[in-house]
Amino acid sequence: MAKKSVYFFGGGKADGTLKMKNLLGGKGANLADMASIGIPVPAGFTITTEVCTEYYDNKGRIPKHVTDEYLKALKKVEKVMGKKYGAKKNPLLLSVRSGARMSMPGMMDTVLNIGLCAETIPGLIEASGGDERFVYDAYRRLITMYADVVMEKAQGVEPADGESIRHKLEHAYDALKAKRGVTEDTDLTAEDLKPLCEEFKATVKKSLGVPFPDDAYKQLEGGIKAVFQSWMGKRAIAYRNIEGIPHDWGTAVNVQAMVFGNMGDTSATGVAFTRNPANGEDAFYGEWLINAQGEDVVAGTRTPLPVNKASKTPDQKNVQSLEEMWPKTYKQLFAIRNKLEKHYTDMQDIEFTIEDKELWMLQTRTGKRTGPAAIRMAVEMAEQKLISKETAIMRVNPEQINELLHPMVDPAAEKRANVLAKGLPAGPGGGVGQVVFNSDDAAEWAKDGKKVILVRNETSPEDVHGMHASAGILTAKGGMTSHAALVARGWGKCCIVGCGALNIDAKGKKVTIGDKVVKEGDWVSMNGTTGVLYEGQLDVLPAQPDRNPWYKKLMGWADATRQINVRTNCETPEDAAQAIAFGAEGIGLARTEHMFFEPERIIHVREMILASSEADRRAAVMKLLPFQKKDFLGIFKAMAGKPVTVRLLDPPLHEFVTLDESQVKELAKHMGLKPEQVQARIAQLHELNPMLGHRGCRLGIAYPEITEMQATAILSAAAELATKKIKVLPEIMIPLVGHQNEYKNQAAIIRAVAEDVKKKYKLKTLDFLVGTMIEIPRACLVADKIAEEAEFFSFGTNDLTQMGFGFSRDDIGGFLPHYLKEEILPVDPFQVLDQEGIGQLVEMGVARGRSTRPDLKVGICGEHGGEPKSVKFCHRSGLNYVSCSPFRVPIARLAAAQAALETPRKVEKKAAKKKAAKRGKK
Ligand code: PEP
Ligand code: MG
């Protein structure tokens, strides 16, 4: 028997189940599931994603067995709905929609009202109680959609004059409205629409050279093919590339009985979220439009009404909601909302239609949400016992925390600023940038490093690349569920929609707002949380996640779950304080060279570099000692007893002496040398491959006085605090060790300095560790030998990736785009750790290191230490901690907790649990 390709649903029954997402797509599986739990869904059937592949293998033809199957399913639909497809009396109309495994909102095509033709039109007029206006409006929508999606796009029929058919038909429609002096679709009469439909058909024939099919079954076949075809459409491919969705998954096709929200003033359509998708509040939230089709709500061409009080914006106080207008229907909708949340145990994004006061659910799917909303919903659902705490931890994408940590427009600056306009707060946070009016410009400007605000009447899926590149998105039309709002929220972008005061002249690249004109390149600032648009470039403030109770709770649960520590990379007391506020448990990397660049220090650094004798160099180096000691005193105090890993000087020295002529002269004068002598020494420092040159421990080996000075600064700061009974835990880290003898050489200097410091401060003991970066592949190979000496390891995965791949970390930009485009690499290996290759070096380093020192403390301080996938890898590889920049600390904490839930560490489980519980209590 051939495998099943078509799955029926409706009338309280379904062939498919929720588990069949891969086969039926998200929408198809949900429709099946909804039907089977008794939600009122119009009957229909789903053609599987496998057929999509078959369709492409079959050169764009629907296999016969599939056609046979769907015609059978159609019979069942007719039975449940009590209507007949293509019939003269009470005809059934169909919608044809896409539905991939993962939601791709608005990226593929849909055709509605399929089945309207000369044969069925009179029957529908009769069934609608003689509403000719409604029927011809449905017909003109069908012709427009079909000609555009099926005939022009999918069948590739080129318009004779190059102007797209949709444009032509919409233009004719707008012209008719203008002629009649009306703005609303519903203001046109049947007498207007009937001849318009005839005109449309003539235009289609003339422009595309083929007639609009007047046959219900031909229309159905065309619609199904068009959906398959749209899987490979430009915008769908672009979206999948951005979201990382595989191209070979294919889409399912959902064919479903049409129900009409535009059948007069007792019909309506709406979109709702079972909880507020912007802030996560447990309040049913939605928008609806009377006498409209679903596309009207999503397209944002009419500003929708709130479904209830909770959905009203402050200026909608006097607007009637669904709850107030049709309380019975609202009650039914609200009951379905509760049923759906209980059933799916997650926030749902639902579409509904009310046909003559009868409520139908068109779709439900897990709703996209902002980061703050994701956190609040997860925590509140766990507290409501809808989900477990573990599920709550797993449900928040660690990267989403970013939004909470994101800057906001400074409220003080907002008070002084000129308000340009107010719209709907569709994506929270602050967005400041220069105005552009189309998505290509947005992408182009962003590439040049500019911050841009994309200003559009409304956005469409064609705009995704520009939206992605923008710091903020601002639209004149649309509601909270419009395309711009949905996409922006999915990406956590600042977004304001429905900003009606904008009068946009996209061609002239300017927008008029009242008496103000904002031109391309002008700065504006957006507060996406309140929906206010300001003139000019306002200051932005860092976020304050600690004022968010749900965030605090979730992070507490995460801390009680994770089995590894999270430290931070920083080198100033201010950053250290920020990192502690974000939950850092120590410093995993303080790059001391960052401390050398202040004006009063750099001169001594340069003197040290240019010195011609050891005595001169020592004299210059020692001038840096008081500065360095002060730095460490500040950091140690800020970290209050938490471990602090200080790395000795690492970069090639020439980085400090890239000087222009006047700086050379000044330095020469300071050192009592001739400018030519300074130039000559700088020239001497030039290296062909500085990243593989005289850097890291090689500096301290050639110039031991540098290591001596740095060790003295670290240890005397520690000793000074120890005498004051302030707890400190310095860990001195030697960079770029590849051979155990390099380590021995530097460690000996440090230990000798420690003895001197102890004597000087009259201390019997001084707590500190000496360890090394593991960032050279050879170090991983001989980690056992290095660990005989070193007390800790910290993986420098930036250099390890550089040297493991042989990719210069500073020059990868030249070829990485080609690598990504050709799919040679899935991602930038400097952002996401290459677990397959570089990961092996890490695992080897850990195993070999611990073979000679079982209690070896191991961490990571490369950029990967704050990237969720890499953090999870570190957990699995047995590291004790990850270290990352302060703003990534919360992300790493959550990722570490998820790793512990996904792959709990068995060996230390008990001890780790105790430790984690203690952490969670803090
Ligand atoms: C590393 O190489 O991963 C590292 C943390 O050091 P740096 O980036 O300073 O070379
Ligand atoms: Mg390094």
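Note on numbering: residues in each chain are counted from 1, in written sequence order. Numbering of ligands from 1 and lettering of chains from A proceed in the order in which they are written. In view of the model being predicted, local features appear only for residues whose pLDDT reaches at least 70, and side-chain atom pairs are presented and counted only at 80 or more, with totals across whole chains, interfaces and linings using the full set of residues. Hydrogens and water molecules were not included; the side-chain quantities draw on all heavy atoms of the structure.

1. Thoughts on the overall build of the chain
Put simply, DSSP H or I for four residues or longer makes a helix, DSSP E for two residues or longer makes a strand, and each gets a number counted from the N terminus. If you tally the helices and strands in the chain, you get 36 helices and 34 strands. In this setup the radius of gyration rests on C-alpha atoms only. A globule is expected at 2.2 Å times the number of residues raised to 0.38. Against the globule reference of 29 Å for 922 residues, the chain gives a C-alpha radius of gyration of 33 Å, in line with a compact fold. Each principal axis of the C-alpha atoms in the chain carries an extent, and together these give about 105 × 60 × 55 Å. A separation of at least 24 residues holds for 69% of the contacts in the chain among residues at least 6 apart in sequence. To measure how exposed things are, a 1.4 Å probe is used in the Shrake-Rupley method; for residues, cover is taken only from the protein chains shown. For the chain, the accessible area works out to roughly 38,800 Å², and carbon and sulfur atoms hold 52% of it. The charge count includes Lys and Arg as positive and Asp and Glu as negative, but it does not include His or the ends of the chains. Each charge is placed at NZ for Lys, CZ for Arg, CG for Asp and CD for Glu. If you average the places of the 126 positive and of the 116 negative side-chain charges in the chain, the two averages end up 6 Å apart. Two residues form a contact once any of their heavy atoms are found within 4.5 Å.

2. Some thoughts on the packing of aromatic side chains
In this description, an aromatic ring pair is defined by two values, namely the gap between the centres and the angle between the planes. Planes of paired rings set the category: under 30 degrees apart is stacked, over 60 is edge-to-face and the rest tilted, where pairs are Phe, Tyr or Trp rings (Trp by its six-membered ring) whose centres lie within 6.5 Å. Across all of its chains, the model carries 18 aromatic pairs by this definition. Ring plane angle 65 degrees and centroid distance 5.2 Å describe the contact between Phe807 and Phe815, whose orientation is recorded as edge-to-face. For each residue, the accessible area found with a 1.4 Å probe, counting protein chains only, is set against the maximum for its type, and the residue is called buried under 20%, exposed over 50%, and partly exposed in between. With a relative accessible area of 25%, Phe815 lands in the partly exposed category. Taken together, the ring pairs connect Phe805, Phe807, Phe815 and Tyr819 into an aromatic cluster.

3. A word on helix α12 (residues 327-344)
Take the number of residues in a helix, subtract one, and multiply by 1.5 Å to get its expected span. Taking 1.5 Å as the rise per residue, α12 with 18 residues should run 26 Å; its terminal C-alpha atoms sit 25 Å apart, in good agreement. Among the residues trailing α12, Thr345 stands out with phi positive, at a value near 45 degrees.

4. Here's the deal with the site of ligand 1
Looking at ligand 1, there are 14 residues lining it, with Arg591, Arg647, Gly796, Asn798 and Arg809 nearest. Within the side chain of Arg647, one N or O atom sits 2.9 Å away from an oxygen atom of ligand 1. The contact in question runs from an oxygen atom of ligand 1 to an N or O atom on the side chain of Arg809, over 2.7 Å. About the coverage of ligand 1: the protein hides 95% of its 290 Å² of free accessible area. If you list the elements that add at least two residues to the shell around ligand 1, you get β28 (587-591) and α31 (797-805). Top element by residues in the shell around ligand 1 is α31. It accounts for 3 residues. Only Asp, Glu, Lys and Arg are considered charged, only Ala, Val, Leu, Ile, Met, Phe, Trp, Tyr, Cys and Pro nonpolar, and every remaining residue, Gly among them, polar. In terms of residue class, the shell around ligand 1 is made up of 3 nonpolar, 4 polar and 7 charged. Here a residue counts as near a molecule or strand whenever at least one of its heavy atoms sits within 4 Å of it. In protein, a polar contact means a hydrogen-donor-capable atom and an acceptor-capable atom, both N or O and within 3.5 Å, with residues adjacent in sequence counting only if both atoms are side-chain atoms; elsewhere, any N or O pair within 3.5 Å suffices.

5. So, the side chain of Ser439
Mapped onto the elements of the fold, Ser439 is located in helix α17 (residues 439-447). A residue is classified by how much of its surface remains accessible, and Ser439, at 4% relative accessible area, is buried.

6. Brief notes about the pairing of strand β21 (residues 502-505)
Residue alternation in β21 divides its side chains into a buried set, Leu502 and Ile504, and an unburied set, Asn503 and Asp505. Here β21 pairs with strand β22 (residues 510-513) via 4 bridges, running antiparallel. Across the sheet, Ile504 pairs through a bridge with Val511, a residue of β22. In this scheme, strands are said to pair when DSSP sees at least two bridges between them. Count of turn residues in the β21/β22 antiparallel hairpin: 4 residues, of which Lys509 carries a positive phi of about 55 degrees.

7. Details of the coordination of the magnesium ion (ligand 2)
Each metal's donors comprise the N, O and S atoms found within 2.8 Å of it (within 3.2 Å for Na, K or Ca). Water is not part of the atom list, so some coordination spheres may appear incomplete. Within the protein, Glu775 (OE) and Asp799 (OD) serve as the donor atoms for the magnesium ion (ligand 2), at 2.0 to 2.1 Å. Of this pair, Glu775 sits in the loop between β31 (769-774) and α29 (777-781) while Asp799 is found in helix α31, placing the two residues 24 residues apart along the sequence. Each member of the pair, Glu775 as well as Asp799, carries the same accessibility label: buried.

8. Side note on the sheet that holds strand β23 (residues 516-519)
Read across the open sheet, the 3 strands follow the order β21-β22-β23; overall the sheet is antiparallel. The open sheet is flanked by β21 and β23, the only strands paired with a single partner. Sheet twist, expressed as the mean angle between neighbouring strand axes with direction ignored, is 20 degrees. All axes here are fitted lines through C-alpha atoms, helices being fitted over the stretch that makes contact, and every angle between N-to-C directions spans 0 to 180 degrees.

9. Side note on α31
Within α31, 7 of the 9 residues are buried, leaving the element largely enclosed by the surrounding structure. Gly806 sits one or two residues past α31 and shows a positive phi near 75 degrees.

10. Overview of unusual backbone geometry
Positive phi, normally seen in glycine, also occurs at Lys509, with a value near 55 degrees. Along the chain, the position of Lys509 falls in the loop between β21 and β22. For Lys509, a relative accessible area of 27% puts it in the partly exposed group. Even without a glycine there, the phi angle at Glu823 is positive, about 60 degrees. Among the residues examined, Glu823 registers a relative accessible area of 61% and is labelled exposed.

11. Some details on the pattern of salt bridges
When the charged atoms of two side chains lie near each other, side chains of opposite charge can form a pair. Definition used for salt bridges: Asp or Glu carboxyl oxygen within 4 Å of a side-chain nitrogen of Lys or Arg. By the definition in use, this model includes 51 salt bridges. The shortest N-O distance in the salt bridge between Lys168 and Asp161 comes to 2.8 Å. Taking the relative accessible area as the measure of exposure, Lys168 reaches 15% and is therefore buried. A relative accessible area of 51% places Asp161 in the exposed class. Of the charged contacts in the structure, one is a salt bridge between Arg369 and Asp346, with a shortest N-O distance of 3.0 Å. Of the two residues, Arg369 is situated in the loop between β13 (358-366) and α13 (371-383) and Asp346 in the loop between α12 and β12 (348-355); the sequence distance between them amounts to 23 residues. Pair check on accessibility: Arg369 and Asp346 agree, each one buried.

12. Some words on the sheet that holds strand β20 (residues 494-497)
An order of β15-β25-β24-β17-β18-β19-β20-β16 is seen for the 8 strands of this open sheet, with the pairing classed as mixed. In this open sheet, the two edge strands, each paired with only one partner strand, are β15 (419-422) and β16 (424-427). Each strand of the sheet is rotated relative to its neighbour by a mean of 30 degrees, with strand direction disregarded. As judged from the 4 bridges shared by strand β24 (residues 523-527) and strand β25 (residues 532-535), these two strands associate in the antiparallel manner. Pairing of Met526 across the sheet is with Leu533, part of β25. With respect to the sheet, α17 is in contact with β17 (430-436) and β18 (452-456), its orientation differing from that of β17 by roughly 110 degrees.

13. A short note on the packing of helix α21 (residues 573-581) against helix α23 (residues 614-639)
Where α21 contacts α23, the two axes come as close as 9 Å, and the packing angle between them is 15 degrees. As summarised for this structure, α21 and α23 are arranged roughly parallel, according to the angle between their axes. With respect to the hand of their crossing, α21 and α23 are arranged in right-handed fashion. Mapping the contact onto sequence places Pro573, Ala576 and Ile580 in α21 and Gly634, Ile635, Ala638 and Met639 in α23. Of the residues that constitute the contact of α21 with α23, the class distribution is 6 nonpolar, 1 polar and no charged. We call two directions roughly parallel when the angle between them is under 35 degrees, roughly antiparallel when it is over 145, roughly perpendicular when it lies between 65 and 115, and oblique otherwise. By definition, any crossing whose near helix is turned counterclockwise from its far helix by less than a right angle is left-handed, and any crossing with a clockwise turn is right-handed.

14. Re the side chain of Arg337
Topologically, Arg337 is positioned in helix α12. If sequence neighbours within four positions are ignored, Arg337 has contacts with Thr274, Arg275, Asp282, Ala283 and Phe284.

15. Focus on the environment of Lys857
Secondary-structure assignment places Lys857 in strand β33 (residues 857-860). Measuring from C-alpha to C-alpha, the distance between Lys857 and Lys760 comes to 30 Å, with 97 residues separating the pair along the chain. Filtering out sequence-adjacent residues up to four positions away, Lys857 remains in contact with Arg567, Glu731, Leu769, Glu791, Phe792, Phe793, Asn880 and Tyr881. Separated by 2.7 Å, the side chains of Lys857 and Glu731 make a polar contact.

16. Observations regarding the packing of helix α2 (residues 49-57) against helix α8 (residues 216-231)
As a packed pair, α2 and α8 sit with axes 10 Å apart at the nearest point and diverge in direction by 85 degrees. With respect to each other, α2 and α8 are oriented roughly perpendicular. In this structure, α2 uses Val51, Cys52, Tyr55 and Tyr56 to contact α8, whose residues at the interface are Lys225, Phe228, Gln229 and Trp231. Residue composition of the contact of α2 with α8, by class: 6 nonpolar, 1 polar and 1 charged.

17. Quick notes on the pairing of strand β30 (residues 729-734)
Along β30, 5 of the 6 residues are buried, which leaves the element largely enclosed by surrounding structure. Here 5 bridges tie strand β29 (residues 643-647) to β30, and the two strands are oriented parallel to one another. Across the sheet, residue Pro643 finds its bridge partner in β30, namely Leu729. Seen with the strands pointing away from the viewer, any crossover whose path from the first strand over the helix to the second strand runs clockwise is right-handed. Of the crossover connections in this fold, the one passing from β30 over helix α28 (residues 740-760) to the parallel β31 is right-handed.

18. Concerning the state of the cysteines
Think of a disulfide as a covalent bridge from one cysteine sulfur atom to another cysteine sulfur atom. Here, two cysteine sulfur atoms that lie within 2.5 Å of each other are counted as a disulfide. Across all of its chains, the model carries 0 disulfides by this definition. Free cysteine: Cys197, not disulfide-bonded; nearest cysteine sulfur from Cys117 at 13 Å. Of all cysteine sulfurs, the one in Cys874 lies closest to Cys884, which takes part in no disulfide; the gap is 10 Å. Judged by its relative accessible area of 3%, Cys884 falls in the buried class.

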